[in-house]
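Close look at the chain arrangement
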Amino acid sequence: QVQLVESGGGLVQAGGSLGLSCAASGSIVSIDDMGWYRQAPGKQRELVAVVSRGGRINYLDSVKGRFTISRDNAKNTVYLQMNSLQPEDTAVYYCNAEVAVVVTRAYRNYWGQGTQVTVSS
């Protein structure tokens, strides 16, 4: 019923920048929180940044000042601009959204397929 389609990511040198986007589609009534998680090899998935429908934002401490999350409610899309990337930012980045669909009108958690971000030193 709901799909989250991510784009962006890739390979960049340390100090470089990348942008990610994630568009939600389907029988959507409303979207609450939208965010980005990441998972590096051998590590647990962690929250990188999240933005509420009203614009309240939280970041992982290690990305504060380097990453910027934003969303376009009209397009059901969330963005993550990543600057000053470091090798420790290398991970698969996953989009996440709390979505209410037409049939149930209850919020459920949805995930994107993941996109690889690799930062070389």
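This structure is a prediction, so every number in the text was calculated from the model and none was measured.

Brief notes about the side chain of Ser 52
- As for its position among the elements, Ser 52 is in the loop between strand S5 (46-51) and strand S6 (57-59).
- Other than its neighbours up to four places away in sequence, Ser 52 contacts Asp 32, Asp 33 and Arg 71.

A look at the state of the cysteines
- Counted under the stated rule, the structure contains 1 disulfide.
- Here Cys 22 engages in a disulfide with Cys 95; their sulfurs sit 2.1 Å apart. Judged by the torsion about the S-S bond (-80°), the Cys 22/Cys 95 disulfide is left-handed. Highlighted residues: Cys 22 in strand S3 (residues 18-26) and Cys 95 in strand S9 (residues 91-101), separated in sequence by 73 residues. Neither Cys 22 nor Cys 95 differs from the other in exposure class; each is buried.

Regarding a nonpolar patch on the surface
- Taken together, Val 29, Val 102 and Val 103 make up a surface patch of nonpolar side chains, about 260 Å² in accessible area.
- Take Val 103: it is sitting in the loop between S9 and strand S10 (107-111).
- In this structure Val 103 comes out as exposed when scored by relative accessible area, which is 65%.

Reading the values: rules and limits
Per chain, residue numbering runs from 1 following the sequence as it is written. For a predicted model such as this one, the threshold for reporting local features is a pLDDT of at least 70, and the threshold for listing and counting side-chain atom pairs is 80 or more; totals across whole chains, interfaces and linings nevertheless cover every residue. Side-chain metrics rest on all non-hydrogen atoms present in the structure, leaving aside hydrogens and water. Note on conventions: DSSP H or I runs of at least 4 residues are helices, E runs of at least 2 residues are strands, and numbering of each starts at the N terminus. In this analysis, two residues are considered to be in contact whenever any of their non-hydrogen atoms come within 4.5 Å of each other. Two cysteine sulfur atoms make up a disulfide if the distance between them is within 2.5 Å. Relative accessibility thresholds used throughout: buried, under 20% of the residue-type maximum; exposed, over 50%; partly exposed, between the two (1.4 Å probe, protein chains only). Residues enter patches when their relative accessible area tops 30% and they take part in no salt bridge; the joining distance is 9 Å for like charges and 5 Å for the nonpolar side chains Val, Leu, Ile, Met, Phe, Trp and Tyr. Areas reported here follow the Shrake-Rupley algorithm with a probe of radius 1.4 Å; residue values treat only the protein chains shown as occluding. Between Lys or Arg on one side and Asp or Glu on the other, a salt bridge is scored when a side-chain nitrogen of the former is within 4 Å of a carboxyl oxygen of the latter.

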